[in-house]
Amino acid sequence: MKDIYKVAIIGGGAGGLAAAIRCASRFGGKNVIILEKQNRTGRKLLATGNGRCNISNTDMDMVHYHGDKRIISSVIGRFSVKSIRKFCSEIGLLLREDEAGRIYPYSNQAATVLDCMRTQLSVLGTEEKCDFFTKKIKKTGFGYEISSPENVIKAENIIMASGSKASPALGSDDSGLMLLRENGIKHTPLFPALSPVETKEKYKSLKGIRAKGIAEIVADGYTVKKEKGEIQFSDKALSGICVFQCSRIVNEYLYYGTVLGNKTRKIEIAIDLMPDYSAAGLERYLRSCKKRFSDKPAGMILSGALHKRLSEAIVESQTIYKKNCIELEEKEIQQIACAVKCFTFTPVKSDQFSNAQVCAGGIGSDEINTDTMMLKKLPNIYVCGEILNVDGDCGGYNLHFAIGSGIIASDNIK
Ligand SMILES: Cc1cc2nc3c(=O)[nH]c(=O)nc-3n(C[C@H](O)[C@H](O)[C@H](O)COP(=O)(O)OP(=O)(O)OC[C@H]3O[C@@H](n4cnc5c(N)ncnc54)[C@H](O)[C@@H]3O)c2cc1C
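Quick caveat, the model's predicted, so the values are computed rather than measured.

Got a sec to walk through a nonpolar patch on the surface? Specific residues and values, please.
Taken together, the side chains of Tyr222, Val224 and Leu260 define a hydrophobic patch exposed on the protein surface, amounting to about 330 Å² of accessible area. As for its placement among the helices and strands, Tyr222 is situated in strand E14 (residues 222-233). Residue Tyr222 is classed as exposed on the basis of its relative accessible area, which comes to 63%.

Here it is, written out as structure tokens:
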């Protein structure tokens, strides 16, 4: 172990590992150390993309990011898809992209990404110090003393890559943010993003059903977000990529009572389960089904169009019970058509952080120099990844940002 390291990186996740590789190649591997509180680095990385690690996306546009626009434009403006391809090529990681532009390791294995990063660090001679839970950072003459309950490490520079609160089962917490807060650094409020949404309406029978449709977030009567794609139902929550993309807005409301910063009284998720049909076209279809399914229960009326259990739940949602299809009145046909186009759910608060893929909120551009990623109040401490007030859509945007910001921070250490 060295007496004083050139750079200590707090957190061995995607951002921290990328930063360590860049620092090690700039300053020599032995001058860099990774301090990780878990018993191994890259645990979350292994869980990404359902074990496949969606590392980036060919459509690298700012619209896919939320939070602090100055930080987003600074990082995405300088760290492009070409940059991440170059970084991966330098560590021997081959990539492939799918038809939607999502970039994965060629092996389709998240473990390959972690193996390539760790092998590179080992070749460069950089030490990973695991089970090192950083509890204190103290300014000294040469730089900083970084303490865990058992050890003290000295370093001239620190890169804070400790992530944030999403998915605590993978080791995430806000201990890094707390440390900085104790040292006078402020951050914007945290809330989960890319999470399932628990709802007041519970349909036990819908558990496990998947349907294609459009999810629309309606806040105080106005549509604030619309996403097309697959919706997954459970007995008490909605998920699937299109719900995940909407969850940021829902969680902001559930945690702080605001939507995009505006005080909001009510929020709902309305799902159009048959976007290819107009309400009038659907009513015509239902009238024909009324005759076709004549003496069958009303809950079956949509069974030629949707999953049988979804058909039953929609009819049930209109409080139509104990009727056969033929007994449905015209008003009820219209109600059912309307419910298919607008199957409405009321989000309720639960522990969304536990199932969230990312955390919204964090350190903003008022606290860092966005050119260098260095904290304005704490010289030679740099920040990267999810600890910052930036979160991306599903599709590789969060890993791209964590790696990009880690590399930019490393490139700016003098
Ligand atoms: C299930 C799941 C799937 C995902 N899939 C994708 C995907 O396919 N594509 C994508 O782009 N994004 C995905 N994400 C999001 C992405 O993984 C994160 O945004 C990204 O890992 C953030 O990187 P980071 O380095 O900032 O933080 P992290 O990866 O969270 O790493 C932070 C590290 O710091 C350590 N640490 C924290 N505090 C301390 C401390 N005080 N002392 C020492 N160590 C500390 C933690 O243990 C952790 O290892 C997914 C997330 C989850 C949970």
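So, next bit.
Quick rundown of the packing of aromatic side chains? Include the residues and the values.
This model, assessed by the stated rule, comprises nine aromatic pairs. Between Tyr65 and Tyr397, the ring centres sit 5.7 Å apart and the planes meet at 85 degrees, which makes this aromatic pair edge-to-face. In this pair, Tyr65 is assigned in strand E4 (residues 65-67) and Tyr397 in helix H12 (residues 397-411), connecting sequence segments 332 residues apart. Residue Tyr397 is classed as buried on the basis of its relative accessible area, which comes to 3%. One Lys or Arg, Lys37, reaches over the ring of Phe133 and ends 5.3 Å from the middle of that ring. For the cation-ring pair, Lys349 lies above Tyr255, with the distance from its terminal atom to the ring centre recorded as 4.2 Å.

Hey, could you go over the pattern of salt bridges for me, with residue numbers and the actual values?
What the rule picks out here adds up to 17 salt bridges. For Asp98, the salt bridge is made with Arg102, and the minimal N-O distance between the two is 2.9 Å. The class of Asp98 is buried, set by a relative accessible area of 18%. In this structure, the salt-bridge partner of Arg248 is Asp391, at a minimum N-O distance of 2.7 Å.

Residues and numbers for the pairing of strand E10 (residues 152-160), please.
In the case of a regular strand, side chains alternate between the two sheet surfaces. When strand E1 (residues 5-10) meets E10, the two strands line up parallel, connected through five bridges. Paired with Ile10 across the strands is Met160, a residue of E10. Strand direction decides the pairing type here: strand E9 (residues 144-147) and E10, joined by four bridges, are antiparallel. For Ser147, the partnering residue across the bridge sits in E10 and is Val152. Taking the residues between adjacent antiparallel strands as the criterion, E9 and E10 are bridged by four residues. Sheet topology places E10 next to strand E23 (residues 381-383); three bridges connect them, and they run parallel. Bridge pairing links Ile159 to Tyr382 in E23.

Reading guide: rules and limits
Residues numbered from 1 in each chain as written. Predicted model: local features only at pLDDT ≥ 70, side-chain atom pairs only at ≥ 80, totals over all residues. Heavy atoms only, no water. Patch = residues over 30% accessible without salt bridge, like charges linked within 9 Å, V, L, I, M, F, W, Y side chains within 5 Å. Areas by Shrake-Rupley, 256 points an atom, 1.4 Å probe, with all protein chains shown as cover. Salt bridge = Lys/Arg side-chain N within 4 Å of Asp/Glu carboxyl O. Helix = DSSP H or I, 4+ residues; strand = E, 2+ residues; numbered from the N terminus. Buried < 20%, exposed > 50% of the residue type's maximum accessible area, 1.4 Å probe, protein only. Phe/Tyr/Trp six-rings, centres within 6.5 Å; stacked < 30°, edge-to-face > 60°. Lys NZ or Arg CZ within 6 Å of the ring centre and 35° of its normal. Pairing = 2+ DSSP bridges.

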